Amino acid sequence: MLIPGSMLQNRYEIIERIGSGGMADVYKAKDKRLNRFVAIKVLKHEFSSDDDFVRKFRAEAQSAAGLSHPNIVGVYDVGDENGIYFIIMELIEGITLKNYIEMKGKLSIREALNISVQIASGLSAAHEKRIIHRDIKPQNIIISRDGKVKISDFGIAKMADSKTVTTTAAGTVHYISPEQARGGYSDERSDIYSLGITMYEMVTGRVPFDGETNVAIALLHIQGEMTPPSEINPEVPKSLEKIILKCTQKKPERRYSSAKELIADLRQVLTHPDGAYVTLGSAVPEGDTVVIGDALSSIKNKAADSAAAANDSGSSRKAAMEETLPSMDEEEEEEQTRVVPKKRDNYVQDTENERYVDEYDGDDDESSSGKGAKIAIIVGVIILAAVIAFFALRSSNLLGGLNNAETETEDIETVAVPDLTGMTVEEAKSALSDAKLGIKAVEQTPDNDDGSYTEGEIYDQDPEANTQTQIHTTVTVYVYTPETFELPDVSDMDYEKAQTQLESRGLTVQIEYKKDSSVEEDHVIETSPSAGSKVSKGDTVTLYVSEGEETESEETEVTVPDVCGEDLDDAIVELQNAGLYYGGSSEEYSTSYSEGQVMAQSVTAGTKVDKGTSVTLTVSKGEESTTYSATVSVVSPFNQTYVDSSGNVQTVTEGEVRIVVVQSGMSTRTVYDQQTDSSSLPATIDVQSTQSGSATVNMYLNGTLYDTSTINFQ
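Residues numbered from 1 in each chain as written. Predicted model: local features only at pLDDT ≥ 70, side-chain atom pairs only at ≥ 80, totals over all residues. Heavy atoms only, no water.

A. Summary view of helix α18 (residues 495-504). Burial analysis of α18 places eight of its 10 residues in the buried class, the great majority of the element. The set of residues buried in α18 consists of Y495, A498, Q499, T500, Q501, L502, E503 and S504. Each element contacted by the buried residues of α18 is listed here: β7 (94-96), α3 (97-104), β8 (141-144), β18 (508-514), β19 (524-528) and β21 (540-546). A side-chain oxygen of the first residue of α18 lies 3.1 Å from the backbone nitrogen of E496; this N-cap is D494. (Buried < 20%, exposed > 50% of the residue type's maximum accessible area, 1.4 Å probe, protein only. Helix = DSSP H or I, 4+ residues; strand = E, 2+ residues; numbered from the N terminus. Contact = heavy atoms within 4.5 Å. Polar contact = N/O pair within 3.5 Å; in protein donor to acceptor, adjacent residues only side chain to side chain.)

Set out below in structure tokens:
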């Protein structure tokens, strides 16, 4: 264990331990070289003595360091010192998704979707680099104070399977995939399974499988039947339930093949909560089917009838086809009612989705090939019947009407859909009216709301911009509307926990202290606005925090310390230690203070003020650099006669011209040096300097000074 105040690698000052897991401790530290706070994960002593484990620890950490994504905790470095093996990571101020779920009971559908999309985005970036997390669970998901979702512990879960199963299984086995539970091969779809279990917990407030032992829970993942989330939380949309069920299929091949595919479905839930875009793969179990032979005979007979009709002429052909086509619809109805396999003991029927799921997820037996052959025959015969019917229709000119319809479609006027993003609805109406298109406005908050949109602004559209579409088509525009929600009641809660909870919802929190004998010290008395009020992300909420009961001896005033010249982080700590509230900072240029130092404070040092008074700080941006300009008028040395040392008259037509600027207090600069002639020599040259004032310009031809002048930088 590292001691607060100690240094690691003579660079990282240990502040405090902020977490502990099965194989590592996590510390908050300050990077003295880059002046920033970081998180340091330190391998526990019992694992650091295992050379093989340490080697894998470092290799996987270095691999994780190659990941750079907004939804993945950044890994800066990995190293060791005196037998201490550690990883330097991005410090995220926030809470784990597990704590957030426990705090709220269950999440709203919008929240769960937003968090799920961000987790899947991080997994997609990792999977593209062939890195599998293998330990996705709410404990490894961090929600920062600004609402950003981050996946942590990349690279460690891979090697933890064989070394930490006894110490970490209790926190992991609830989210483990069936193939991991069996000790088999795992890939990207194993992460998708664990994400599906995490999504289930977000919307229901509990895990789908639980038991008295880890082995019992693991067996449930392998062969247990999951209670549909909508039975626990009726607010879960049908589409989201299908997404969760698809993620948590027993067989990997029935799950989403990639995180990108999962994201595409998640993004449709809010706009199409009951849509049928989620396809659930179904197992075809061994068992008898009803009148399958009759079905084959019927389809063959229909095909023969269609072929015979193709050989007839005129109205007899048409009449034959009119008799055949309705019977095909009847055949399809019959098909839906009879291709339902009989239930087998090791299959669980999902009546809602009309499918059977293999309960044991084992390998297909020999009868699978027979089943596949039957299915292939059925599909082949249906396709053959359809082809024969198609050509019969063509030969009897019954498709003539369709061909005419196609010709008419080609004549319909089409236009390019204009780009409407950034417009208001009124502006979009005008633009679409000019293009002979209609409009449907949908007000909602996007899943990836990063605060960059303006209320009432169109942020998306369907169809997309520049898509060719028929005139009079209705274009759906999505208008940004900030998400509003009820402010939770945090009264009587410790103010730090209340602040974390509110900031995780995207709110800005201010603290004000008040005397209140009825509320415990450092606990929230009330909020402004009050609990239950409608608020949006970015709104400011004031927490009124109890200072406890006032006594005669208690000091109600404090002295404001002088924090000018200190780094911002140190100044904030000093203000808080003095009983004052840090109210934010601004930046200005300064010639007296270095960049990052406090150059001014809103309350003068030494002033007596009430405890909890807010103090704002002004931080130096360093000295502002100014550029001064001047123009050099170039004097040409060419086409002028002179007498050389031998008394001969010479005319110079070309040569090397060099122009040098000499400024007091500045280095001498050559602003032109070139072999040239009168036609190529510039008339003027613009030069810059960081210092104002005059400078001397010397001009040389072939190394001989031929002109001197003065310029002024201003």
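The discussion continues.
B. Expanded view of the packing of helix α11 (residues 238-247) against helix α12 (residues 259-266). It is at 10 Å that the axes of α11 and α12 come closest, and there the two elements cross at 165°. Here α12 runs roughly antiparallel to α11, going by the angle between their axes. With respect to the hand of their crossing, α11 and α12 are arranged in left-handed fashion. Packed against α11, whose contacting residues are L240, I243, K246 and C247, the element α12 presents E261, L262, D265 and L266 at the interface. The class makeup of the residues in the contact of α11 with α12 is five nonpolar, no polar and three charged. (Axes fitted to C-alpha atoms, helices over the stretch in contact; angles between N-to-C directions. Parallel < 35°, antiparallel > 145°, perpendicular 65-115°, else oblique. Left-handed = near helix turned anticlockwise from the far one by under 90°. Nonpolar A, V, L, I, M, F, W, Y, C, P; charged D, E, K, R; others polar.)

C. Quick look at the sheet that holds strand β4 (residues 36-43). The strand order β1-β2-β3-β4-β6-β5 describes an open sheet built from six strands, whose pairing is antiparallel. Because the sheet does not close on itself, it has two edges, and the strands there are β1 (7-8) and β5 (75-81). Here β1 runs beside strand β2 (residues 12-20); their pairing, made up of two bridges, is antiparallel. Each bridged residue has a counterpart across the sheet, and for M7 the counterpart in β2 is E13. (Pairing = 2+ DSSP bridges.)

D. Looking closely at the pattern of salt bridges. A complete count under the given rule lists 22 salt bridges for this structure. A salt bridge links D153 to K41; its shortest N-O distance comes to 2.1 Å. In this pair, D153 is assigned in the loop between β9 (149-151) and α5 (156-163) and K41 in strand β4, connecting sequence segments 112 residues apart. A residue is classified by how much of its surface remains accessible, and K41, at 8% relative accessible area, is buried. One network of salt bridges, with partners in common, ties together K104, E111 and R505. (Salt bridge = Lys/Arg side-chain N within 4 Å of Asp/Glu carboxyl O.)

E. Molecular detail of the pairing of strand β31 (residues 669-677). Bridging between strand β30 (residues 654-662) and β31 involves eight bridges; their strand directions are antiparallel. The residue of β31 that forms the bridge with R658 is D673.

F. Molecular detail of unusual backbone geometry. The omega torsion across D462 and P463 is 5°, close enough to zero to call that bond cis. The topology assignment puts P463 in the loop between β14 (458-462) and β15 (468-470). For the peptide bond that leads from S528 to P529, omega is 5°, which places it in the cis range. Looking at where P529 falls in the secondary structure, it is placed in the loop between β19 and β20 (534-536). Of note, the phi angle at Q9 is positive, near 60°, even though the residue is not glycine. With respect to the helices, strands and loops of the structure, Q9 is situated in the loop between β1 and β2. Notably, N702 is not glycine yet its phi reads approximately 50°, a positive angle. Mapped onto the fold, N702 is located in the loop between β33 (693-701) and β34 (704-713). Given the relative accessible area of 48%, N702 is considered partly exposed.

G. Layout of the environment of K137. With respect to the helices and strands, K137 occurs in the loop between α4 (109-128) and β8. By relative accessible area, K137 is classed as buried at 9%.

H. Geometry of the pairing of β21. Of all seven residues in β21, six are buried; the element is thus mostly enclosed. Two elements, β18 and β21, share seven bridges in a ladder whose sense is parallel. Within the sheet, the bridge partner assigned to I511 lies in β21 and is L543. Looking at chain direction, β19 and β21 are connected through four bridges and run antiparallel. In the sheet register, T527 faces β21, and the bridge partner there is L543.

I. Molecular detail of the environment of L245. In this structure, L245 sits in helix α11. A residue is classified by how much of its surface remains accessible, and L245, at 11% relative accessible area, is buried. In sequence terms L245 and L280 are 35 residues apart; their C-alpha atoms lie 8.0 Å from each other.

J. Region of the structure containing the nonpolar core. Grouped together as the largest cluster of nonpolar side chains are 74 residues, with contacts concentrated most on L97, I119, F154, L240 and I243. The contact partners of I119, leaving out residues within four places of it in the chain, are L97, I141, V149, I151 and L195. Counting residues in each nonpolar core, the second largest holds 18 residues, with V661, I685, A695 and V697 among its members. (Core = buried A, V, L, I, M, F, W, Y, C linked by side-chain atoms within 4.5 Å.)

K. Examining the packing of α4 against α12 more closely. Running from amino to carboxyl end, α4 crosses α12 at an angle of 160°, the nearest separation of the two axes being 8 Å. With respect to α12, the element α4 is oriented roughly antiparallel. Crossing angle aside, the handedness with which α4 passes α12 is left-handed. Residue-level contacts link L113, S116, V117, A120, S121, L123, S124 and E128 of α4 to A259, K260, L262, I263 and L266 of α12. A class-by-class count of the residues in the contact of α4 with α12 yields eight nonpolar, three polar and two charged.

L. Up close: the packing of aromatic side chains. Applying the stated criterion across every chain, the model contains two aromatic pairs. Taken together, a centroid distance of 6.5 Å and an interplanar angle of 45° make the contact between Y459 and Y478 tilted. Here Y459 is found in strand β14, whereas its partner Y478 is found in strand β16 (residues 474-480), with 19 residues between them in sequence. Considered together, Y459 and Y478 belong to a single accessibility category, that of buried residues. Ring centres of Y495 and Y513 lie 6.3 Å apart, and the angle between their planes is 70°; this geometry places the pair in the edge-to-face category. Remark: Y513 occurs in strand β18 and Y495 occurs in helix α18; sequence separation between them is 18 residues. One residue, R658, lies across the ring of Y700, its end atom 4.8 Å from the ring centre. (Phe/Tyr/Trp six-rings, centres within 6.5 Å; stacked < 30°, edge-to-face > 60°. Lys NZ or Arg CZ within 6 Å of the ring centre and 35° of its normal.)

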